[in-house]
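# Structural description and commentary
Chain by chain, the residues:
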Amino acid sequence: MKRIYLDHASSMPIDPRVFEFAKPYLTKEFGNPSSLYSVGLEAKQAIEEARGKIANLINAENGKSIIFTSGATETNNLAIRGTALRNIRDGKEVVASAIEHISVLNPMKELQKNGFTFNIVPVDSNGMVDLDKLDNLLTKNTTVTSIMYANNEIGTIEPISEISKIVHEKGRYLHVDATAAAGRVPIDVQDEGIDLLTLSSNDMYGPRGAGALYVKPGIKIQSILPGGGQERGLRSGTENMFAITGMGEATQIAKKEMKEESTRLKKIRDKLIDEILKIDDAYLTGHPAKRLPHHASFRFSHIEGESILLNMDMYNIQVATGSACSHKTLEPSHVLLAIGLKHEEAHGSMVITLGRSNKMEQLSMIVKAVKDTVQRLRNLSPLAKEKER
Ligand code: PMP
C-alpha cells in the first residue's frame, strides 16, 4: 500500500523548490559570510535576505531582529537562558505553561538548579492556559514567561495577545515557541505583543539544521554559545548556509501559500475528526475549535499508543503518539497529564498532523485503518474485555 504520512509535526520533507533554491550554497556558493572578499560578501548578502523573509512572515520590525540557530531546541535555550541570565538584575523568576515542549521546560529547570524560581502555569482540559493563575504567578521579578503559540501534541492555540497583556502588566518578557504554529496560522509579533519568538525551519518544509529567534528591538539577551561572534555575538559558529537560505525560502513560500493550504487541510482534518469520533470510546484531545488547522489528536480507551502507531504502520500509515521525545522513557506525555488525563488514559493517544502530501481521497483508507487497528487491539486488550463483562 502507498505510504500515507501523517506525522508532519515530527518531520517533513524539504520542499523541492526550497532544495533548488538553497542547493548552490552547498556547492558553488561556498563562501564564508565572515570573509571580506566577494564570495564571502555574497554569502553575507544571502543570509540578510533570509532574515528579511523570516521577519516578513511574523511581521517583525526588521531583519536585524532575527538570529539564526541550529533549530527550535537551541532557539528555546537561547531565548530562555540568554534572556534570564542577561537580565538577572531585574529578577530571578521564570514561568512556563505545563504543556511547553521539553526544550523550554528543561532550560527553565536548569535555571532553577542555579537559584532561579521556576513556576508552572496549569492549563484546562482543552489545553488552554489558565489566565488567572498566570496573573497570580507573575511578579515584578519575573523576567521570562514562556507560553507556546500552539501545542504540537494536542493542537490547541493559546490566546497570545491576552497572555501578552497579562505578562507585560507585571513581568517583563514574553517568549513564544511558535514551532508548531508558524506557517500554519498567521503570526504578528508586533500586534500580538511578543518579545521573543522561536521558529524552526523543518516545521515549514525547510532543511533541518536551522531555526531562528526573533528578539524585539531593545531587548538585551546574552549568548549561550560563545565563540567567533557571528549573529551579533549571540550565536557563534560559521553559518549553515544551505539550511539558513533554505529556511528563508521555505518561510516565504509558507507565507504565500498558508491561507489556501490551511483551508484545504482543515477540511480533511474536520472530516477525519468526525469519522474517528464515531469509534466507541474515542475522544478528541485539545481544543475542539481553537486548534491548528492540520492537527487532529485523539485518545482511545483500553489500548496503548505505541501499539496503535505500530499497527497503523502495517497499513503504511505513519501517525504519532504523545510526544516523540517521551518515547524513550515510555512515560505518558506530560501534555496529556497536564490536561487532566489519568496515566492509563494518556497512554492511548494518537496524533495526526497533516501536510502537503495528504489528500481528501486518502480519508477512507485512514479511517478504515484506524477502526481496524482499534478493534484489533481491543480484541487483544484484557482491559477492554473486562469492560465488556
Ligand atoms: N518546540 C516544539 C513546540 C516542538 O514541537 C519541537 C519539536 N518539533 C521543538 C520545540 C524542538 O524542535 P527540534 O527538535 O527540531 O529542535
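Residues numbered from 1 in each chain as written. Predicted model: local features only at pLDDT ≥ 70, side-chain atom pairs only at ≥ 80, totals over all residues. Heavy atoms only, no water.

### Concerning unusual backbone geometry
A positive phi angle, near 55°, is found at Asn59, a position not held by glycine. In this structure, Asn59 sits in the loop between α2 (38–57) and β2 (66–69). For Asn59, a relative accessible area of 35% translates into the label partly exposed. Of note, the phi angle at Arg232 is positive, near 55°, even though the residue is not glycine. Mapped onto the fold, Arg232 is located in the loop between β8 (211–215) and α8 (241–276). (Helix = DSSP H or I, 4+ residues; strand = E, 2+ residues; numbered from the N terminus. Buried < 20%, exposed > 50% of the residue type's maximum accessible area, 1.4 Å probe, protein only.)

### A short note on the sheet that holds strand β6 (residues 173–177)
A sheet is described by the order of its strands in space; here seven strands give the open sequence β2-β8-β7-β6-β5-β3-β4, paired in mixed fashion. Both outer strands of the open sheet, β2 and β4 (117–121), are each paired with one neighbouring strand and no more. Averaged over neighbouring strand pairs, the angle between their axes works out to 20° when direction is ignored. With four bridges joining them, strand β3 (residues 93–97) and strand β5 (residues 142–146) adopt parallel strand pairing. Among the inter-strand pairings, Val95 is bridged to a residue of β5, identified as Thr145. Seen against the sheet, α2 touches β2 and β7 (196–200) and runs at an angle of roughly 115° to β2. Each of β5 and β6 is contacted by helix α6 (residues 160–170), which is oriented at about 150° to β6, the strand it contacts most. (Pairing = 2+ DSSP bridges. Axes fitted to C-alpha atoms, helices over the stretch in contact; angles between N-to-C directions. Contact = heavy atoms within 4.5 Å.)

### A short note on the site of the ligand
Looking at the ligand, the residues that line it are Ala9, Ala72, Thr73, Asn76, His101, Ser103, Met148, Asn152, Asp177 and Thr179. Within the side chain of Thr73, one N or O atom sits 2.6 Å away from an oxygen atom of the ligand. One of the side-chain nitrogen or oxygen atoms of Asn152 is found 3.3 Å away from an oxygen atom of the ligand. Contact with the protein chains hides 76% of the accessible area of the ligand, taken as 390 Å² for the molecule alone. (Near = heavy atom within 4 Å. Polar contact = N/O pair within 3.5 Å; in protein donor to acceptor, adjacent residues only side chain to side chain. Areas by Shrake-Rupley, 256 points an atom, 1.4 Å probe, with all protein chains shown as cover.)

### Brief notes about the sheet that holds strand β12 (residues 349–353)
Strand order in the open sheet made by the three strands is β9-β10-β12, with antiparallel pairing throughout. Two strands bound the open sheet, and with one partner strand each, they are β9 (282–284) and β12. Averaged over neighbouring strand pairs, the angle between their axes works out to 25° when direction is ignored. For β9 and strand β10 (residues 295–300), the ladder comprises three bridges, and the chain directions are antiparallel. In the strand pairing of β10, Tyr283 is matched with Arg299.

### Remarks on the packing of aromatic side chains
A full pass over the atoms with the stated rule returns two aromatic pairs. With 6.0 Å between their ring centres and 80° between their planes, Phe19 and Phe242 make a pair best called edge-to-face. Remark: Phe242 occurs in helix α8 and Phe19 occurs in helix α1 (residues 16–22); sequence separation between them is 223 residues. For Phe19, a relative accessible area of 33% translates into the label partly exposed. Consider the rings of Phe298 and Phe300, whose centres lie 6.3 Å apart with planes at 25°: the pair is stacked. Across the pair, Phe300 and Phe298 agree in class, each one buried. (Phe/Tyr/Trp six-rings, centres within 6.5 Å; stacked < 30°, edge-to-face > 60°.)

### Considering the nonpolar core
If you look at the biggest cluster of nonpolar residues, it comprises 55 residues, and the most contacted ones within it are Ile58, Phe68, Tyr149, Ile163, Ile187, Leu197 and Leu199. At seven residues, α2 tops the list of elements feeding residues into this core. Mapping this core onto the domain boundaries places at least three of its residues in each of domain 1 (4–11 + 259–381) and domain 2 (16–253). Ile163 has contacts with Val129, Leu131, Leu134, Ile147, Glu158 and Leu174, leaving out every residue within four places of it along the chain. With 28 residues, the next largest nonpolar core counts Ile308, Met312, Ile317 and Ala369 among its residues. (Core = buried A, V, L, I, M, F, W, Y, C linked by side-chain atoms within 4.5 Å. Domains from an automatic or database assignment.)

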